[in-house]
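# Geometric and topological summary
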Amino acid sequence: DTGVSQDPRHKITKRGQNVTFRCDPISEHNRLYWYRQTLGQGPEFLTYFQNEAQLEKSRLLSDRFSAERPKGSFSTLEIQRTEQGDSAMYLCASSPGTPREQYFGPGTRLTVT
Amino acid sequence: AQKITQTQPGMFVQEKEAVTLDCTYDTSDPSYGLFWYKQPSSGEMIFLIYQGSYDQQNATEGRYSLNFQKARKSANLVISASQLGDSAMYFCAMRGRTGNQFYFGTGTSLTVIP
């Protein structure tokens, strides 16, 4: 299966710790998106990459959040000094050059204790 | 501002019946795309159907069809012949002109009753 993969699938961390998530998109997709989804809500857009360039960032993405996509392949999302409000599912999606449907990964569920 | 509204938090449908899930949107972009995704309890988001704002015909994909009414800014999902496996959360989403952002609604929980 060559779909979008995310690692880890689950992360439990203590408040104040840093965490990093990884997303591997479908290989030929140059567009990559990160979302956050809390219980009972739809995904909220966080940031968007086209190849290695970060072209869009939501104001939800505070200065504790940073994302990278070196070489336009996999991407990482880092949260520094985690807070309990960061507990959520973090979803990654990719799409080909023509932005029709996005293909989502299984998500990383973050729990901050 | 771009916005997606799903006003039905939960819906029930009898197996083998058809069901319509409502979605309205707001955008000032002349070009946009509308999507429906299914999210089962396992959590993965599954793409169902896409409608472009300039598409002349309503999109169909198997048992899924999208009732696109541009003047009303609505993009309702119709599921025909419901199956037990259709029980899930359903999200309506919109892509703006640039494709740099996607906006999701709050979802509708569909339960198919045997």
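Values in this document were obtained by computation on a predicted structure and should not be read as measured data.

Right, let's talk about the overall build of chain A for a bit. Secondary structure summary: chain A contains 0 helices and 11 strands in total. Tracing chain A from N to C terminus, the helices and strands come up as β-β-β-β-β-β-β-β-β-β-β. The C-alpha atoms of chain A give 13 Å as radius of gyration, which agrees with the globular expectation for 113 residues (13 Å, within 12%). The long-range share in chain A, meaning contacts at least 24 apart out of those at least 6 apart in sequence, stands at 53%. Accessible surface for chain A amounts to roughly 5800 Å². Of this, 44% is attributable to carbon and sulfur atoms.

What follows covers the environment of A:Y48. Counting through the fold element by element, A:Y48 comes out in strand β5 (residues 44–50). Those residues in contact with A:Y48 that lie beyond four places of it in its chain are A:R31, A:L32, A:Y33, A:A53, A:Q54, A:L55, A:E56, B:G99 and B:N100. For A:Y48, the side chain forms a polar contact with the side chain of A:R31, separated by 3.0 Å. In this structure the side chain of A:Y48 is engaged in a polar contact, spanning 2.7 Å, whose partner is the side chain of A:Q50.

Here the amide bond leading from A:D7 into A:P8 is cis, since omega sits at -5 degrees, within 30 degrees of zero. With respect to the helices and strands, A:P8 occurs in the loop between β1 (5–7) and β2 (10–13). Although it is not a glycine, A:R81 sits at a positive phi angle of roughly 50 degrees. Positive phi is not limited to glycine here, since B:K16 has a value of about 80 degrees.

Attention now moves to the nonpolar core. Residue and element names in this part refer to chain B. Residues L34, W36, I49, L77, Y90 and L110 are the most contacted members of the largest nonpolar core, which totals 24 residues. At the level of elements, β3 (19–21), β5 (33–39), β6 (46–52), β8 (64–69), β9 (74–79), β10 (88–95) and β12 (108–113) are the ones that each hand at least two residues to this core. By residue number, the principal contributor to this core is β10, which donates 4 residues. Non-local contacts of L110, meaning those with residues more than four positions away in its chain, are made with M11, V13, V19, L21, I79, D86, S87, A88 and Y90.

In this section: the sheet that holds β1(A). Residue and element names in this part refer to chain A. Judged by pairing direction, the sheet is antiparallel, and its 4 strands sit side by side in the order β1-β3-β8-β7 without closing on themselves. Sheet topology places β1 and β7 (65–68) at the edges, where each strand pairs with a single neighbour. On average, each strand axis in the sheet is inclined to that of its neighbour by 15 degrees, with strand direction left out of account. Inspection of the sheet shows strand β3 (residues 19–24) paired to strand β8 (residues 75–79) by 5 bridges, in the antiparallel sense. Each bridged residue has a counterpart across the sheet, and for V19 the counterpart in β8 is I79.

The next thing to look at is the interface of chain B and chain A. With 16 residues of chain B at the contact, the number on the chain A side is 18 residues. Together chain B and chain A conceal approximately 1600 Å² of surface at their shared face, both sides included; 56% is due to carbon and sulfur atoms. Between chain B and chain A we count 0 salt bridges in total. The interface formed by chain B and chain A holds 4 residue pairs in polar contact (both at pLDDT 80 or more) in total. Looking at the side of chain B that touches chain A, the elements with two or more residues in it are β5, β6, β10 and β11 (102–104) of chain B. In terms of residue class, the side of chain B that touches chain A is made up of 8 nonpolar, 7 polar and 1 charged.

In protein structure, a disulfide is the covalent linkage between the sulfur atoms of two cysteines. All names here are of chain A. Following the criterion strictly, the structure yields 2 disulfides over all chains and no others. There is a disulfide in this structure between C23 and C92, and the S-S distance comes to 1.8 Å. Its S-S torsion of about -65 degrees marks the bond between C23 and C92 as left-handed, since a negative value means left-handed. You can see C23 sitting in strand β3 and its partner C92 sitting in strand β9 (residues 88–95), a full 69 residues away along the chain. With a relative accessible area of 0%, C23 lands in the buried category. For C92, a relative accessible area of 0% translates into the label buried.

Here is what the cut-offs are and how they apply
Residues numbered from 1 in each chain as written. Chains lettered and ligands numbered in written order. Predicted model: local features only at pLDDT ≥ 70, side-chain atom pairs only at ≥ 80, totals over all residues. Heavy atoms only, no water. Helix = DSSP H or I, 4+ residues; strand = E, 2+ residues; numbered from the N terminus. Rg over C-alpha atoms; globule rule 2.2 N^0.38 Å. Contact = heavy atoms within 4.5 Å. Areas by Shrake-Rupley, 256 points an atom, 1.4 Å probe, with all protein chains shown as cover. Polar contact = N/O pair within 3.5 Å; in protein donor to acceptor, adjacent residues only side chain to side chain. Core = buried A, V, L, I, M, F, W, Y, C linked by side-chain atoms within 4.5 Å. Buried < 20%, exposed > 50% of the residue type's maximum accessible area, 1.4 Å probe, protein only. Pairing = 2+ DSSP bridges. Axes fitted to C-alpha atoms, helices over the stretch in contact; angles between N-to-C directions. Buried area = accessible area lost by both parts, 1.4 Å probe. Salt bridge = Lys/Arg side-chain N within 4 Å of Asp/Glu carboxyl O. Nonpolar A, V, L, I, M, F, W, Y, C, P; charged D, E, K, R; others polar. Disulfide = S-S within 2.5 Å.

Everything listed here is a matter of geometry and, on its own, says nothing about what the molecule does.
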